[in-house]
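Each chain is listed here by its residues.
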Amino acid sequence: MWGGRFAEGPSAIMREINASIPFDKALWRQDIAASKAHVAMLGAQGIVSVEDAALISGGLDQVAAEYEASGVPENWDLEDIHMTTESRLAELIGPAAGRLHTARSRNDQVATDFRLWVRDACEQADAGLAALQRALVIRAGEHAGSIMPGFTHLQTAQPVTLGHHLMAYYEMVRRDRSRFADARARMNESPLGSAALAGTGFPIDRAMTAGALGFDRPTANSLDSVSDRDFALDYLMAASQCALHLSRLAEEFIIWASQPFGFVRLPDSLSTGSSIMPQKKNPDAAELVRGHAGRIIGSLTSLMITMKGLPLAYSKDMQDDKPPVFEAAGLLTLCIAAMTGMVEATTFRTDRMRAAAELGYATATDLADWLVRQANIPFREAHHITGAAVKLAESRGVALDQLPLEDLQAIDPRIDERVYGALSVEASVAARASHGGTAPDQVRLRVAEARVALGLE
Ligand code: ARG
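Residues numbered from 1 in each chain as written. Predicted model: local features only at pLDDT ≥ 70, side-chain atom pairs only at ≥ 80, totals over all residues. Heavy atoms only, no water.

Engineer: Account for the overall build of the chain, naming residues and giving values.
Structural biologist: Within the chain one finds 18 helices and 6 strands. A compact globule built from 457 residues should have a C-alpha radius of gyration of about 23 Å, whereas the chain, at 31 Å, is more than 25% larger. Summarising its shape, the C-alpha atoms of the chain cover approximately 100 × 50 × 45 Å along the three principal directions. Out of the 457 residues belonging to the chain, those deemed buried represent 49%. For the chain, the share of sequence-separated contacts (at least 6 apart) that also reach a separation of at least 24 residues comes to 76%. (Helix = DSSP H or I, 4+ residues; strand = E, 2+ residues; numbered from the N terminus. Rg over C-alpha atoms; globule rule 2.2 N^0.38 Å. Buried < 20%, exposed > 50% of the residue type's maximum accessible area, 1.4 Å probe, protein only. Contact = heavy atoms within 4.5 Å.)

Set out below in structure tokens:
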């Protein structure tokens, strides 16, 4: 393709280090689509004849059909997907193929193809995350009133509802979807027509190719266009944040499935056994989601380091932009699907959760709140009185509401029998009815709003 000025061909090492076809063949659909948009524009603008444009476009369809049927051939001499396609086109239609690359460079071509690919990846992530949200909302609705211990520092803190806990992840996923949507909107400008770096002298119509490829408009600066990989970084940042959320949810399931907790029975379909310990059922899918977050975040780091310090415009370093994005996208799709399946099919052992909520003096704050409300005691003092009650209950190995009234009154005479109404875990969660609180009625409101947002109603 560029042999004109060279006296000898590349060494074996040069061919190997240069070849991106082993991975950028994944861009073949985008490459064909962009070439078809480009040649239609060249024909419409009279830059190539209408006959040649039609011949080239038909030839590109034929190449696409071959790729679809038998894959993209990997010939290192042809370097990348762009030259591979153009060379096959020439074999199929002859010299007219040479007109396709008029007013274009591989620099704007790869920038365009890759943007189209990443745009699809944003849409794929969004669709997967919408399914995960549906699963979360459905299970949260089932368990709006199921009581479990809420933790801080992984120590029992206050009773919460399982529905509330699941809806916390709904919120994280809602933000993830907005990050992917935001990235998609920002990247949706067409670099095609920026040519090698400076634009072109041919009378091209960049708005036409932008429109044909579903971009909102052409990019404004050709130097920026061929060297900008922000769109890939935006995607990887959204993917990293999302993977981080999924790893946290995975970790919850791992902890909940452990025998001392016993809060869940994971679906057999997303667990594995042990080759030596017959009783084992391991949460491997969740552990791998937790692990894959590391690789996805690594992809972001990889591309950031590739891009740092690169002067304008294109440099070959940028060919390394694709593997981290492809890897992250593949892993993210898997992680989203695995967590969706886990949320859908896990059995929540609500009896175990409720029993755990009874332990650890989870309603101690309710006693303090009761003293504030019913006896008009300042919260700090109420906190102190409650601490004494917890200490006493602990020394006897009983729950707070198992302390006789006279013992509570010995700690503070302002306590009366109404306090017992506040010390059950049911009363505790029902009381937390502030907006966004854990009260079953609040959870049902949030679930109802989410169901509308997701189109489930
Ligand atoms: N395979 C190249 C890449 O992925 C295409 C662009 C090549 N441009 C160039 N000036 N050699 O970045």
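Here the narrative resumes.
Engineer: Which residues make up empty space enclosed by the protein, and what values go with them?
Structural biologist: The final tally for this structure, using the stated rule, is 2 cavities of 30 Å³ or more. Considering only enclosed or pocket space, the largest cavity measures out at about 90 Å³ in volume. Considering the residues around the largest cavity, the lining is formed by Ala-357, Glu-358, Tyr-361, Ala-362, Thr-363, Ala-399, Leu-400, Asp-401, Leu-423, Ser-424 and Val-425. For the lining of the largest cavity, the residue count by class is 7 nonpolar, 2 polar and 2 charged. Looking at the second largest cavity, its volume works out to about 30 Å³. Every residue along the wall of the second largest cavity is listed here: Ala-121, Gln-124, Ala-125, Tyr-235, Ala-329, Leu-332, Thr-333 and Ile-336. Sorting the residues of the lining of the second largest cavity by element identifies α6 (106-142) and α12 (322-345) as the ones contributing at least two each. The element contributing the most residues to the lining of the second largest cavity is α12, with 4 residues. (1 Å grid on protein atoms, 1.4 Å probe; cavity = no way out; pocket = protein on both sides within 12 Å on 5 of 7 lines; lining within 4 Å. Points joined across faces, edges and corners; volume = space filled by probe spheres on them. Nonpolar A, V, L, I, M, F, W, Y, C, P; charged D, E, K, R; others polar.)

Engineer: Explain helix α3 (residues 28-44) to me, and be specific about the residues and the numbers.
Structural biologist: In a regular helix each residue adds 1.5 Å, so 17 residues correspond to 24 Å; α3 covers 24 Å between its end C-alpha atoms and thus fits that length. Most of α3 is tucked away: 12 of the 17 residues are buried. Those residues of α3 that fall on the buried side of the exposure criterion are Trp-28, Gln-30, Asp-31, Ile-32, Ala-34, Ser-35, Ala-37, His-38, Val-39, Met-41, Leu-42 and Gly-43. Backbone geometry just after α3 places Gly-46 at a positive phi near 70°. (Expected span 1.5 Å × (residues − 1).)

Engineer: Report on the site of the ligand, specifying residues and quantitative values.
Structural biologist: Taken together, the residues surrounding the ligand are Ser-20, Asp-24, Asp-80, His-82, Arg-106, Asn-107, Val-110, Tyr-314, Lys-316, Gln-319 and Lys-322. In this structure, a nitrogen atom belonging to the ligand sits 3.2 Å away from a side-chain N or O atom of Ser-20. Note that an oxygen atom of the ligand is positioned 2.7 Å from one of the side-chain N or O atoms of Lys-322. Contact with the protein chains removes 87% of the 340 Å² of surface that the ligand exposes when unbound. (Near = heavy atom within 4 Å. Polar contact = N/O pair within 3.5 Å; in protein donor to acceptor, adjacent residues only side chain to side chain. Areas by Shrake-Rupley, 256 points an atom, 1.4 Å probe, with all protein chains shown as cover.)

Engineer: I'd like a rundown of the side chain of Thr-85, residues and numbers included.
Structural biologist: Here Thr-85 lies in helix α5 (residues 81-93). On the basis of relative accessibility, which here comes to 2%, the residue Thr-85 falls in the buried class. Side-chain polar atoms of Thr-85 contact the backbone oxygen of Ile-81, separated by 2.9 Å. Apart from residues no more than four positions distant in its own chain, Thr-85 is found in contact with Asp-31, Ile-32, Leu-60, Val-63 and Tyr-67.

Engineer: Explain the state of the cysteines to me, using residue names and the numbers behind them.
Structural biologist: This model, assessed by the stated rule, comprises 0 disulfides. Free of any disulfide, Cys-122 has its nearest neighbouring cysteine sulfur in Cys-242, separated by 11 Å. Of the residues examined, Cys-122 reaches a relative accessible area of 2% and is grouped as buried. This cysteine, Cys-242, is not joined by any disulfide, and Cys-335 carries the nearest cysteine sulfur, 8.5 Å off. (Disulfide = S-S within 2.5 Å.)

Engineer: Break down the environment of Gly-436 for me, citing the residues and quoting the values.
Structural biologist: Position of Gly-436 among the secondary structure elements: in the loop between α17 (425-431) and α18 (440-453). We classify Gly-436 as partly exposed; its relative accessible area is 38%. Discounting residues that sit within four places of it in the chain, Gly-436 has contacts with His-164, Gln-442 and Arg-446.

Engineer: Residues and numbers for the pattern of salt bridges, please.
Structural biologist: What the rule picks out here adds up to 35 salt bridges. Across the salt bridge formed by Glu-358 and Arg-354, the nearest N and O atoms sit 2.4 Å from each other. With a gap of 4 residues between them, Glu-358 and Arg-354 both fall in helix α13 (residues 350-358), about one helical turn apart. Taking relative accessible area as the criterion, Glu-358 reaches 35% and is therefore assigned partly exposed. Three or more residues are tied together by salt bridges with common partners; here these are Glu-79, Asp-80, Arg-106 and Lys-316. (Salt bridge = Lys/Arg side-chain N within 4 Å of Asp/Glu carboxyl O.)

Engineer: Please provide a residue-by-residue account of the pairing of strand β1 (residues 147-152), values included.
Structural biologist: Here β1 pairs with strand β2 (residues 155-161) via 6 bridges, running antiparallel. When the sheet's bridge partners are listed, Gly-150 is paired in β2 with Gln-158. Here β1 hands over to β2 after 2 residues, with His-153 in that stretch at a positive phi of 60°. (Pairing = 2+ DSSP bridges.)

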